[in-house]
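Below are the chains, spelled out letter by letter.
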Amino acid sequence: MSDVERIYVPPTRPGSFRFRRFRRGGFRRKGGCFGSLLLGTLAVLLVWALWATRDSYSMHELIPDGQHYQVFVGGLLNKRESIAASPAWALAPRGSAIAELPELLRRNFGMPDWLLNNLVYDGCHVSGHDAARFDDVLFVTRMSRVGCLAEKFHRFVGVAGDFTGGLRLRFFAPANLYYAVRGRVLVASPSRNAVIRAVTLRREDALPQDVLAKGLEEAGGADVYGRFAFEETEAAGEVFADARVMLRFEETGMSAMLHGALRPPWRERLAGVLDKAEPAALRTPLGGSIEISGNFGIPIGELIRGGLRAADTTGRAEEIWSAWLAGEMNEDTRAIAQILGGALMMTGPGWRLSWRGMDLNEMLPAPELVATFDLPPEIDDEVLALLPEPPPDARPWAPYPRRDPDRDLVVIPLIGGPSLTPALSVYPGGLFISSSRTVADALLASGVTEPELAERANLFIRVRPRPLARSIVDTGQLLARNRLLRDFTEETFAEWSAAWLDKASRVDEAILQAAHDDGNVSIMVRIRMAVSSAQPATE
């Protein structure tokens with residue numbers, strides 16, 4: 001027999017250590033095959049997801065060029081709550097399409113926030129032709145990869161397919177929208193034809209890429225930025241060739257800026273008003289419910305003549321104005337007309353006008369008006385000396401200028417009390433005129449101060465709706481009480497004016513500034529809501 005040592009290995013039994021180790025190793029080898037298969041499947045799905053959500057289209061390729069209006073919005077979903085929460089929406093007519101916009105902005109159409117944020121991920125572009133009904137409005141945005149991938153499962157959320165000759169449209173019934181996806185670009189509209197037109201655009205018919213990029217860049221400084229191209233047959237198109245609009249919504253109101261280019265016929269028509277107009281330093285009007293400050297580079301008399309020429313449809317407006325200034329229209333007002341005409345032609349280009357309210361204690365409700373005009377320094381001491389003296393036989397109440405012996409003031413007596421007695425005076429650098437001697441005495445005694453406004457413009461208008469509406473309603477109630485208001489009694493007028501007063505009480509002030517520069521007009525509007533109408537401040 002051999003001397004080789006033999007080693008006997010007993011057979012493994014279930015439950016023994018070697019048996020367990022063998023089985024674990026076997027399972028490990030089988031599990032490795034399963035894991036490889038799982039990793040391979042995930043890799044394939046990842047590759048498919050990256051390919052399916054590739055950014056193969058640019059937004060501008062799906063936007064038709066030449067749309068009548070274009071609206072650019074950056075970060076719509078981030079802004080939508082602040083836009084919808086603005087108290088300025090309370091001014092929209094009840095039941096109108098504008099009044100429904102805040103609720104529309106807050107709607108998610110049954111989608112969770114995370115999904116909506118990924119579907120509307122990048123800048124948005126809204127355009128169309130019909131700016132009256134918006135029935136062909138086209139919405140274009142870029143989705144994130146997550147949003148684009150989630151949209152692939154649209155059939156599971158009730159979105160119906162619309163093959164349309166291979167165009168692969170979808171219809172989302174809850175929003176009544178047709179839409180299509182190209183790459184990561186989402187195109188949607190309530191009009192099926194608008195979506196079809198967008199996805200079948202030729203490159204030469206699409207919006208240039210630089211126009212879209214510039215619009216989205218300019219939208220960064222506003223909540224909404226829009227461009228409008230007008231046809232000459234449209235109401236706005238008769239005056240403007242195009243316009244740009246920027247909107248900002250705030251906790252206390254809203255602001256809007258419009259820039260428009262005048263069409264040549266209107267530049268010619270408004271030549272008497274705008275030829276010498278360029279942004280100028282304006283002075284603050286004296287306080288009132290309505291305040292106006294203007295400077296068009298010409299005396300107010302020439303401005304009125306140019307405005308009458310632009311608005312004249314009969315060919316006689318300027319003739320009538322000239323005849324009135326010459327005192328040829330009415331013998332009783334000849335002196336007033338001559339004084340007014342002479343003063344208006346001597347003034348400088350700057351002027352201010354304020355309506356302070358109504359005096360209801362006169363024979364008739366009397367408006368309290370105040371106007372101030374720039375005067376050249378060389379003639380401000382001579383204006384009152386140029387006023388004509390009343391004839392020797394003039395009665396005390398005849399409408400001729402009368403000098404106040406105690407102060408540098410000229411009054412023109414009319415039939416009525418002091419609120420129906422016009423007064424004028426000269427203050428350093430300007431001419432002061434008021435329809436009421438009571439108001440004139442109070443303002444001149446306290447001193448006329450008119451600091452410069454912060455921004456240069458040609459026209460500034462500020463309206464304070466609450467005191468304005470209150471003054472008008474009080475006047476109407478007085479007339480209705482005395483049965484001088486047709487079709488109204490005191491009770492029916494109070495009922496009619498209640499809603500109007502309520503809406504006016506929501507606005508603290510509204511400001512308009514307008515400027516002209518070489519045929520281009522800029523208009524800025526700011527609305528500040530009353531404290532009770534604004535959203536409560538967060539601490």
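Our subject in this report is the structure included herewith. Note that the coordinates shown come from a computational prediction; the quantities given were computed from them, not determined experimentally.

1. Some thoughts on the pattern of salt bridges
Considering all chains together, one arrives at 21 salt bridges under this definition. For Glu-61, the salt bridge goes to Arg-203, with nearest N and O atoms at 3.3 Å. In this pair, Glu-61 is assigned in the loop between α1 (17-52) and β1 (69-73) and Arg-203 in the loop between α6 (192-199) and α7 (209-219), connecting sequence segments 142 residues apart. The exposure class assigned to Glu-61 is buried, which follows from its relative accessible area of 18%. For Arg-203, a relative accessible area of 68% translates into the label exposed. Put simply, Asp-474 and Arg-470 hold a salt bridge, and the shortest N to O gap is 3.1 Å. Of this pair, Asp-474 and Arg-470 both sit in helix α14 (residues 465-481), separated by four residues, roughly a single helical turn. According to the relative accessible area criterion, Asp-474 is partly exposed, its value standing at 27%. It is possible to trace a salt-bridge network through shared partners that takes in Arg-283, Arg-352, Asp-374 and Glu-450.

2. A closer look at the packing of aromatic side chains
Counting across every chain of the model gives nine aromatic pairs. Judged by centre distance (5.8 Å) and plane angle (40°), the ring pair of Phe-72 and Tyr-225 falls under tilted. Of the two residues, Phe-72 sits in strand β1 while Tyr-225 sits in strand β8 (residues 224-229), which places them 153 residues apart along the sequence. Each member of the pair, Phe-72 together with Tyr-225, is buried. Aromatic side chains Phe-488 and Trp-496 sit 5.8 Å apart centroid to centroid with 55° between the ring planes, which places their arrangement in the tilted category. Relative accessible area serves as the criterion here: at 28%, Phe-488 is assigned to the partly exposed category. Following the ring pairs from residue to residue traces out a cluster consisting of Phe-488, Phe-493, Trp-496 and Trp-500. Arg-54 extends its terminal NZ or CZ atom over the ring of Trp-51, reaching a point 4.3 Å from the ring centre. Arg-269 extends its terminal NZ or CZ atom over the ring of Trp-266, reaching a point 4.5 Å from the ring centre.

3. Side note on the nonpolar core
Among the nonpolar cores identified, the biggest contains 29 residues, and Leu-274, Phe-296, Leu-303, Trp-351 and Phe-373 are the most heavily contacted of them. Broken down by element, this core gets its largest block of residues, three residues, from helix α10 (residues 300-311). When neighbours within four sequence positions are excluded, Phe-373 is seen to be in contact with Ile-300, Leu-344, Thr-347, Gly-350, Trp-351, Arg-352, Tyr-427, Gly-429, Gly-430, Leu-431 and Ile-433.

4. Comments concerning α10
Between its first and last C-alpha atoms α10 spans 16 Å; for twelve residues at 1.5 Å apiece the expected length is 16 Å, and the two agree. For α10, the full list of buried residues reads Ile-300, Gly-301, Leu-303, Gly-306 and Ala-310.

5. Points about the side chain of Thr-347
Take Thr-347: it is sitting in the loop between α12 (334-346) and β12 (350-359). Ignoring anything within four residues of it in the chain, the contact list for Thr-347 reads Pro-299, Ile-300, Phe-373, Asp-374, Leu-375 and Pro-376.

6. Thoughts on helix α13 (residues 437-446)
Val-439, Ala-440 and Leu-443 are the residues of α13 that are buried. Taken end-on, α13 shows its buried residues confined to a sector of 100°, consistent with a single buried face. Summarising the contacts, the buried residues of α13 are in contact with β12, β13 (366-374), β16 (423-427) and β17 (430-434). The backbone nitrogen of Thr-438 has a side-chain oxygen 3.3 Å away, supplied by the residue at the start of α13, namely Ser-436. Two residues or fewer after α13 comes Gly-447, characterised by a positive phi angle close to 95°.

7. Remarks on the environment of Ser-322
Within the secondary structure layout, Ser-322 lies in helix α11 (residues 317-325). A relative accessible area of 31% means that Ser-322 is categorised as partly exposed. Considered as a pair, Ser-322 and Arg-305 are 17 residues apart in the sequence and their alpha carbons are 8.6 Å apart.

8. Structural notes on the side chain of Ser-289
As for its position among the elements, Ser-289 is in the loop between α9 (271-274) and β11 (290-295). Accessibility expressed as a relative area gives 5% for Ser-289, which makes it buried. Aside from chain neighbours lying at most four places away, what touches Ser-289 is Trp-355, Arg-356, Arg-462, Val-463, Arg-464, Pro-467 and Leu-468.

9. Focus: the packing of α14 against helix α15 (residues 490-504)
Between α14 and α15, whose axes approach to 10 Å, the crossing angle comes to 175°. By the criterion of interaxial angle, the relationship of α14 to α15 is roughly antiparallel. Of the residues in α15, those touching α14 at Pro-465, Arg-466, Ala-469, Arg-470, Ile-472, Val-473, Gly-476, Gln-477, Ala-480 and Arg-481 are Glu-490, Phe-493, Ala-494, Ser-497, Trp-500, Leu-501 and Ala-504. For the contact of α14 with α15, the per-class residue count stands at ten nonpolar, three polar and four charged.

10. Quick word on a nonpolar patch on the surface
Taken together, the side chains of Phe-34, Leu-38, Leu-39, Leu-42 and Leu-45 present a nonpolar region at the surface, about 530 Å² in accessible area. With respect to the helices and strands, the residue Leu-42 is situated in helix α1. Among the residues examined, Leu-42 registers a relative accessible area of 47% and is labelled partly exposed.

11. Observations concerning the pairing of strand β2 (residues 124-128)
Consecutive residues of a regular strand have side chains that alternate between opposite faces of the sheet. Counting buried positions along β2 yields five of five residues, so the element is predominantly enclosed. Neither face of β2 is exposed, since Cys-124, Val-126 and Gly-128 on one face and His-125 and Ser-127 on the opposite face are all buried. Relative to β2, β1 runs antiparallel, the two sharing five bridges. Across the sheet, residue Val-73 finds its bridge partner in β2, namely Cys-124. Bridge analysis of β2 against strand β3 (residues 138-142) gives four bridges, and the strand direction is antiparallel. Note that in β3 the partner of Cys-124 across the bridge is Thr-141.

Cut-offs applied
Residues numbered from 1 in each chain as written. Predicted model: local features only at pLDDT ≥ 70, side-chain atom pairs only at ≥ 80, totals over all residues. Heavy atoms only, no water. Salt bridge = Lys/Arg side-chain N within 4 Å of Asp/Glu carboxyl O. Helix = DSSP H or I, 4+ residues; strand = E, 2+ residues; numbered from the N terminus. Buried < 20%, exposed > 50% of the residue type's maximum accessible area, 1.4 Å probe, protein only. Phe/Tyr/Trp six-rings, centres within 6.5 Å; stacked < 30°, edge-to-face > 60°. Lys NZ or Arg CZ within 6 Å of the ring centre and 35° of its normal. Core = buried A, V, L, I, M, F, W, Y, C linked by side-chain atoms within 4.5 Å. Contact = heavy atoms within 4.5 Å. Expected span 1.5 Å × (residues − 1). Arc of directions from axis to C-beta. Polar contact = N/O pair within 3.5 Å; in protein donor to acceptor, adjacent residues only side chain to side chain. Axes fitted to C-alpha atoms, helices over the stretch in contact; angles between N-to-C directions. Parallel < 35°, antiparallel > 145°, perpendicular 65-115°, else oblique. Nonpolar A, V, L, I, M, F, W, Y, C, P; charged D, E, K, R; others polar. Patch = residues over 30% accessible without salt bridge, like charges linked within 9 Å, V, L, I, M, F, W, Y side chains within 5 Å. Areas by Shrake-Rupley, 256 points an atom, 1.4 Å probe, with all protein chains shown as cover. Pairing = 2+ DSSP bridges.

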